[in-house]
Structures are given as structure tokens and as C-alpha cells.
Amino acid sequence: MLLKNIGELVGIVPQGVLRKQGSEMNETGILHDAWLRIAPDGTIAGFGSTGALYPDDDKDEEVIDAEGGMVMPGFCDSHTHIVYAGSREGEFIDKINGLSYEQIAARGGGILNSADLLNATPEDELYHQSMERVQEMMAAGTTSIEIKSGYGLCPEGELKMLRVIRRISESVPALIRSTFLGAHAVGRGYTHEAYVQEILDMMPRAAEYADFVDVFCDTGFFSPEDTDRILEAGARYGLRPKIHANELGVSGGVQVGVAHGALSVDHLEQTTNAEIEALKGSGTMPTMLPGSSFFLGIPFGRAKEFISTGLGLALASDYNPGSSPMGDMRFVMALACIKMRLTPVQALNAVTLNSAYAMGLSDQTGSITPGKRADLILTRPGWTLTRIPYTYRTPWIRSVFKKGRS
Ligand code: NIG
Ligand code: FE
């Protein structure tokens, strides 16, 4: 398939570049008046400037006229909790009336409320409710998604979630990665210690389904010591960590995550220089979730400082019923530009290549690179990168290609 008359081809990255850090965040390859060819296996076969080098005509090839639209990599959303049942609308009212996230959780709401709903919902129904969100995200341009467990909080519920994630991954063209987040909150009826032991006991069965292990290492949830034990058990079954840290306090979770070779440490609304130092020189991608900062009214984090000290940054939606009921990565880009003062190019790198890295997928997707999956967004005519976060509600997508298919 040939895409011709592309106005701007954005997000071109040389082969072998798996993430961007520091000043590299300010760069992205852009070609004007371009073409792009998709191979029969759904990967990017090549691209170029229309004037300089037009591809050979292939009579059997499907040709799509982009009509001057922009083509960019599909969004990679490296942190979501989209397998959940029902909603938490009642807590939305509590929040409007002044209760904080922690106060709602302390009253038995929050994650435990979602766990009750999930455990009462048949697996098939859970799959269908979750698939609606996957469809919504794909229509909004997302082509790879990490999905966490963590609303079961008992062996039966957690495995149900992991099976649903697997079923989603087998039924959609987007790339899906699965994370075991048994340590999201202490399950009902357990003491803290008994539940940590239960998580350790669940690990071998969870590892049959999950790619990664996650812990909510934060004030009132799990300690760095709990996290250390859980990550060690995960490593025995080949699960690499992705960590929730520093959302509600300075938790020590960043340091534990880095020590265990975490692929990413996420949230980071509250960070000191010690966390920045711990991340430097590591393979761990700092990931921020501006949708939850926006929804909860908490700080947006020190993204610009991270970048100026040489760190990379990924951004994800955190789509979940309690702190970010939204999976639109274009709005994540807009929040990054408006609230975190990232440039559109920095935001693009954070929602594509770096968020692919945070799922261990940046060798397969997240940029315009020959050989990678043709996971692409084709915009309406005349769009530019800057206009995406700037006019953040204007319809902009013409089609979304997942592995070359729209
Ligand atoms: O990433 N912080 C922990 N987990 C989610 C919220 C989950 C929930 O409230 O249901 C988050 O914000
Ligand atoms: Fe989360």
C-alpha cells in the first residue's frame, strides 16, 4: 500500500534508536510532501520526499491519497487500567464536594469500590465493557496499550482480569501488553501482611499471562520493603517491573524500581532531586500521567527539569475509573504542552517512542522507521504537529492504521 501526498510525515526516527533523553527530546524527523509505503506484512517498507524520489509504480498496489494530511506514529499508551467494571460516578460527586483521593479511599471507596464491582461482574461482561474503552482509544489514535490488573485483589479476580486482558490482545489489531498489579491496594478481608504474601503466592499463575509486574508504592498503600519483595518474586518468573510511585508522597518507589531494573516508574507528581539522581544513567523511563494530575488537582510534576537534566520522559493516560477516566492521548499531549510546558515535539516523543519504550515495544512501534509496524495516524488535510495539542478538541483524525490496516 502506498500513502501519497502526505503534507507532513512526522516522528521519523533512525533504526536502532529505542528512546530519547535530554536534548534528544527536542528532535523529531519531519519530511514535507512525502510518501510512505506499507509492506504486505503491515510494516513500514519505506518513505521519502515526493519530489526527490518517487517510489516505483506497482500496478497491484493500493494507493491512498493523503490529500496533504499529516502522518505520524500512532499513540503508545504505556499505563492504563481499562479493564474495570461499572464506574465510580458517586465518588465524582464526593470529589466535587471536597473529598481528596486518599479520603475517598480511606472510606472504603476508591480502588476497593472498583474491586467489589469487578468481582461481582461475570468475565464475559467485563470483557465487553473493557472492549468499549479499547475501541474508543483506537478511534482516538492509540495503537499500543499497556493494561494492568489490580481491581481483583484476590487470586480469582486478578486472574479473571489477566484472562480478559489476554482475550483483548487476541481480538484487537492494537498491540497489547499486560501487567500484574496485584499490589494495587490490600484486598478486602486480608491483613496487609497476609495480602502481600497472597501476591507472592499468585506470582507464578499471574506470570503465565502478564508481561510486567507493578506495585502501587505510595503513602497508605505499599511500602518500599513490600515493593522489594514483590519485585524480587516477579523477577523469578521473568516479570520486569513498572512501578506506581510518588503520586501521593515521596515514597522511595523510584529508587526501588530503578534498583530492580524497572522499565518505567510512573506518576512522579512529587519528586525530589534524589529521584532525579536515581533515574540518571538507568534504563528506567520516567513516566508522567497528566490526566490524573488534571482530574485530581495535584501537581503535574517536574517534566521540564527532568528533560533539562538529561532524562527521558514518557506520557500515558492512566485511563482508570478513579483518577483519570479518560484515554485520549491527544488530550494528554495538550495537557503536557499547556500545563507542563513541553513543546509539541517533546510531547510527541513522550507519547510515541518513549511510551513504546516504557512497554518494551520501541523496537516494534512508536516511530516512522523502516521495518517497524505501520501503526500510524493519518490526519485530515492541512494539519501540523503543533495544531494537535493547540486546538485540542477539533476533529483531526482521518484514519488510524494498526499494523498497516485501518
Ligand atoms: O494510577 N494510583 C493508583 N492507581 C490508579 C488509580 C486507580 C483507581 O483509583 O482506581 C492511578 O492513578
Ligand atoms: Fe495507574
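For clarity, every value in this text was computed on a predicted model and none was experimentally measured. (Residues numbered from 1 in each chain as written. Chains lettered and ligands numbered in written order. Predicted model: local features only at pLDDT ≥ 70, side-chain atom pairs only at ≥ 80, totals over all residues. Heavy atoms only, no water.)

(A) Fine view of the sheet that holds strand 10 (residues 240-245). An order of 6-7-8-9-10-11-12-13 is seen for the eight strands of this open sheet, with the pairing classed as parallel. Of all the strands in the sheet, the pair left with one neighbour each is strand 6 (75-77) and strand 13 (314-315). In terms of strand pairing, strand 8 (residues 175-183) meets strand 9 (residues 212-217) through three bridges, oriented parallel. Note that in strand 9 the partner of Ala-183 across the bridge is Val-215. Along the sheet face, helix 7 (residues 224-236) touches strand 8, strand 9 and strand 10 and points at about 175° away from the line of strand 9. (Pairing = 2+ DSSP bridges. Helix = DSSP H or I, 4+ residues; strand = E, 2+ residues; numbered from the N terminus. Contact = heavy atoms within 4.5 Å. Axes fitted to C-alpha atoms, helices over the stretch in contact; angles between N-to-C directions.)

(B) How the structure looks around the site of ligand 1. The environment of ligand 1 is made up of 15 residues, and the closest members are Tyr-101, Tyr-151, His-184, Glu-247 and Ser-323. In the environment of ligand 1, an oxygen atom lies 2.5 Å from a nitrogen or oxygen atom belonging to the side chain of Tyr-101. One nitrogen or oxygen atom from the side chain of Asp-318 is found 2.8 Å from an oxygen atom belonging to ligand 1. Here ligand 1 has 320 Å² of accessible area as a free molecule, and 100% of this is covered by the chains. For the shell around ligand 1, the residue count by class is four nonpolar, eight polar and three charged. (Near = heavy atom within 4 Å. Polar contact = N/O pair within 3.5 Å; in protein donor to acceptor, adjacent residues only side chain to side chain. Areas by Shrake-Rupley, 256 points an atom, 1.4 Å probe, with all protein chains shown as cover. Nonpolar A, V, L, I, M, F, W, Y, C, P; charged D, E, K, R; others polar.)

(C) Representation of the coordination of the iron ion (ligand 2). Looking at the iron ion (ligand 2), one finds its protein donor set to be His-79 (NE2), His-81 (NE2), His-244 (NE2) and Asp-318 (OD), positioned 2.1 to 2.4 Å from the metal centre. Between consecutive donor residues of the iron ion (ligand 2), the sequence gaps follow H-x1-H-x162-H-x73-D. Of this pair, His-79 sits in the loop between strand 6 and helix 1 (89-96) while Asp-318 sits in the loop between strand 13 and helix 12 (329-338), and the two are 239 residues apart along the sequence. Exposure class is identical for His-79 and Asp-318. Each is buried. (Donors = N, O, S within 2.8 Å, 3.2 Å for Na, K, Ca; no water. Buried < 20%, exposed > 50% of the residue type's maximum accessible area, 1.4 Å probe, protein only.)

(D) Fine view of the packing of aromatic side chains. What the rule picks out here adds up to seven aromatic pairs. Here Phe-331 and Tyr-392 contribute two aromatic rings whose centre-to-centre distance is 6.0 Å and whose plane-to-plane angle is 45°, an arrangement assigned as tilted. Pair noted here: Phe-331 is in helix 12 and Tyr-392 is in the loop between helix 15 (387-390) and strand 15 (397-401), with a separation of 61 residues, a long-range link. Through a chain of ring-to-ring contacts, the aromatic side chains of Phe-75, Trp-383 and Trp-396 assemble into a single cluster. In this structure, Arg-133 is placed above the aromatic ring of Tyr-84, and the distance from its NZ or CZ to the ring centre is 3.5 Å. Of note, Arg-387 hangs over the ring of Trp-383, and the distance from its end group to the ring centre comes to 5.4 Å. (Phe/Tyr/Trp six-rings, centres within 6.5 Å; stacked < 30°, edge-to-face > 60°. Lys NZ or Arg CZ within 6 Å of the ring centre and 35° of its normal.)

(E) Here's a closer look at the domain arrangement of the protein chain. For the protein chain, the assigned domains are domain 1 (2-73 + 367-401) and domain 2 (76-357). Using C-alpha coordinates to define each centre, domain 1 is positioned 30 Å away from domain 2. With 36 residues of domain 1 in contact, the opposing surface of domain 2 contributes 33 residues. Overall, the association of domain 1 and domain 2 removes approximately 2500 Å² of surface from exposure, summing both partners, and the carbon and sulfur fraction of that is 65%. Taken together, the connections running from domain 1 to domain 2 amount to zero salt bridges. (Domains from an automatic or database assignment. Buried area = accessible area lost by both parts, 1.4 Å probe. Salt bridge = Lys/Arg side-chain N within 4 Å of Asp/Glu carboxyl O.)

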